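Overview (structure and organization)
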Amino acid sequence: MPHATYALPIIDVEDFKDGLGENDRTIASSLVAAFHDRGFAYITGHGVTQDKIDGVFEQARRFMSLPTQAKMALLAGTDGVDTKGYSYPGMAKVTQNAEMDGADLDKLVHGAPGMNETFRVGIVNGKSDPERMPKEEDLPGFAEAFITWSDECVQVYHRLLRIIALGLGSDVTYFDRFHLAGTVRTPTIQHYLGGVAQAGHGRLNEHTDYGYLTLLFQDSVGGLEVVDAAKNNEFVRAPPVDKAITVNVGDMLSRWTNGILKSTMHRVSAPPDAVKDGVLPERYSIPCFCGPSPNTIVDTMPGTYGPNRPKLYPPVNGTEHIQMRQAKMYPKKKAQ
Ligand SMILES: O=C(O)CCC(=O)C(=O)O
Ligand SMILES: [Fe+2]
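Residues numbered from 1 in each chain as written. Chains lettered and ligands numbered in written order. Predicted model: local features only at pLDDT ≥ 70, side-chain atom pairs only at ≥ 80, totals over all residues. Heavy atoms only, no water.

Under an unreviewed UniProt entry, the name given to the protein chain is Fe2OG dioxygenase domain-containing protein, and the organism recorded is Naematelia encephala.

Structure follows, in structure tokens:
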């Protein structure tokens, strides 16, 4: 049910029964409308249990409290192909948007503030990838917490794809076939450093997500802001909502649906009410980026194109496309 206090729609998916329930079409059309108009929605009735969510936040804090040396030993790859691991403040520049390239991208990337450190947790086919993972004795329960929580996130992702398929007039199982070799999930710890700052201070530059669906879990600090096309493309605040996951469409799902679902620009700033006596508290958020099996060819889905709406994009290998965008997050030093 839409809520007047929040700029984004709140959609309850608990009752969805794979197209067989009496409310299914209503849920599907609300979700598609939200993703079409805004690219974002708050999802409730998702089934991810609170203790699993609390578990990953607790592990995230413990991880980021490790000595710098221990984190640097898990330094992320920067080729865009294997990005799992740790990025120190200022290392990863999540700034690009889909259209930006060349000099514009360079300017933005090099000018971006380094206000966050990141850890991308490597999980492949539901198991932890031991490379660049903290050792069990250093952080007991870390891998287990992220695996069990992201297992539940993957269930939500699949449910949302079924709702979207129905809402776009396709077979409810349309997207299932692209996940037979596993669902790619990339849980990511975002730690925004606290410090002396003013309200409105930028914490993460504006960008679109380049993947499929992002399931974002926020702590209570807030600061996420989302472009509102209906308000002259102003940024509006998208604070955390109790019991809801903030979900957004990435570039690849937008492309897959011929632009019907929107991949919307967003950023993180210091919310005015969080800054006390000029001091901004640290903030944690944990997005789980979900997508189809590796090397899925993303070609415009049936029902989203026709004589009056031609295909906007040629088919593309989703993995290669994402890797190309990821590589741009790590500006290369120029050779001396
Ligand atoms: O921290 C947030 O609220 C947003 C993070 C984000 O946009 C991202 O990691 O892509
Ligand atoms: Fe994002």
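The next subject is the UniProt feature "domain: Fe2OG dioxygenase" (unreviewed entry) in the protein chain. In the UniProt entry, the feature "domain: Fe2OG dioxygenase" (unreviewed entry) is given for residues 183–292. As annotated, residues 183–292 comprises 5% helix and 47% strand, and the C-alpha atoms at either end are separated by 5 Å. (UniProt positions renumbered as here; feature names shortened; annotations may be inferred. Helix = DSSP H or I, 4+ residues; strand = E, 2+ residues; numbered from the N terminus.)

This next bit is on the packing of aromatic side chains. Applying the stated criterion to the full structure yields 12 aromatic pairs. With 5.8 Å between their ring centres and 70° between their planes, Tyr212 and Trp256 make a pair best called edge-to-face. Highlighted residues: Tyr212 in the loop between strand 9 (202–207) and strand 10 (213–218) and Trp256 in helix 6 (residues 251–256), separated in sequence by 44 residues. We note that Tyr212, like Trp256, is buried. Directly above the ring of Tyr305 sits Lys311, whose terminal nitrogen or CZ lies 4.8 Å from the centroid. (Phe/Tyr/Trp six-rings, centres within 6.5 Å; stacked < 30°, edge-to-face > 60°. Buried < 20%, exposed > 50% of the residue type's maximum accessible area, 1.4 Å probe, protein only. Lys NZ or Arg CZ within 6 Å of the ring centre and 35° of its normal.)

Take the coordination of the iron ion (ligand 2) next. Angles at a metal have ideal values that depend on geometry: 109.5 degrees with four tetrahedral donors, 90 or 180 degrees with six octahedral donors. Taken together, the protein ligands of the iron ion (ligand 2) are His207 (NE2), Asp209 (OD) and His266 (NE2), with distances of 2.1 to 2.2 Å. Counting gaps between the donor residues of the iron ion (ligand 2) yields the pattern H-x1-D-x56-H. Relative accessible area serves as the criterion here: at 4%, His207 is assigned to the buried category. (Donors = N, O, S within 2.8 Å, 3.2 Å for Na, K, Ca; no water.)

A few words now on the pairing of strand 7 (residues 184–192). With 7 of 9 residues buried, strand 7 lies mostly within the body of the structure. In this structure, strand 4 (residues 116–120) lies alongside strand 7, joined through 5 bridges in antiparallel fashion. Following the sheet pairing, Asn116 is matched in strand 7 by Tyr192. Two strands pair when backbone bridges link them, and strand 7 and strand 16 (residues 283–291) are joined in this way by 7 bridges, in the antiparallel orientation. Counterpart to His191 in the pairing with strand 16 is Tyr284. (Pairing = 2+ DSSP bridges.)

Strand order in this open sheet of 8 strands is 1-2-13-10-16-7-4-3, and the pairing throughout is mixed. What marks the edges here is a single partner per strand, and that holds for strand 1 (10–12) and strand 3 (85–87). When the angles between neighbouring strand axes are averaged without regard to direction, this sheet yields 25°. Here strand 10 runs beside strand 13 (residues 245–249); their pairing, made up of 4 bridges, is antiparallel. Note that in strand 13 the partner of Leu215 across the bridge is Val247. The strands that helix 1 (residues 24–37) touches are strand 1, strand 2 (40–44), strand 10 and strand 13; relative to strand 2, the one it contacts most, it runs at about 145°. In the packing of helix 2 (residues 50–64) onto the sheet, the strands contacted are strand 3, strand 4, strand 7, strand 10 and strand 16, and the crossing angle to strand 16 comes to about 115°. (Axes fitted to C-alpha atoms, helices over the stretch in contact; angles between N-to-C directions. Contact = heavy atoms within 4.5 Å.)

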